[in-house]
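# Secondary and tertiary structure notes
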Amino acid sequence: MLPDRCSIREKGKDCVNPPELVISITVDKQEYMIGVSCLKHKNIFNEKLHLLQKQGKVPKGVVNFSGLKPVGTDCIRMDADDLINL
Ligand SMILES: [Zn+2]
């Protein structure tokens, strides 16, 4: 099961955006899912992960961002306006 919210918490508040990216780390050809992120927080998530890797809190592997596949989930949210209006 994937979380239905971006995993980022900013200034004590959870991000309310739906997740758009799955973040995982590949270590020894094994992929570990770390969390999900909205597009806005992709870079923040990336920086945070590198920091945590330096601190040894997450494995020092390759960080991957992959698009969340809407197929196979039961809560698909498709709003064309959201996609167009930036
Ligand atoms: Zn977010």
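### A short note on the sheet that holds strand β4 (residues 30-37)
Strand order in the open sheet made by the three strands is β4-β3-β5, with antiparallel pairing throughout. What marks the edges here is a single partner per strand, and that holds for β4 and β5 (62-67). Strand-to-strand twist of the sheet, defined as the mean angle between neighbouring strand axes without regard to direction, takes the value 30°. Looking at chain direction, strand β3 (residues 21-27) and β4 are connected through seven bridges and run antiparallel.

### Concerning the pairing of β5
The buried fraction of β5 amounts to zero of the six residues, a small share that puts the element mostly on the outside. Judged from the six bridges that link them, β3 and β5 form a sheet pairing that is antiparallel. Its bridge partner lying in β5, I25 is registered against V63.

### Some remarks on the confidence of the model for the protein
The predicted model of the protein averages 82 in pLDDT, with 78% of residues at 70 or higher. Taken element by element, the protein is modelled with least confidence in helix α2 (residues 80-84), mean pLDDT 53, and with most confidence in β5, mean pLDDT 92.

Definitions and limits used
- Residues numbered from 1 in each chain as written.
- Predicted model: local features only at pLDDT ≥ 70, side-chain atom pairs only at ≥ 80, totals over all residues.
- Pairing = 2+ DSSP bridges.
- Helix = DSSP H or I, 4+ residues; strand = E, 2+ residues; numbered from the N terminus.
- Axes fitted to C-alpha atoms, helices over the stretch in contact; angles between N-to-C directions.
- Buried ≥ 20, exposed ≤ 12 C-beta atoms within 10 Å, placed from the backbone.
- pLDDT = per-residue confidence, 0-100.

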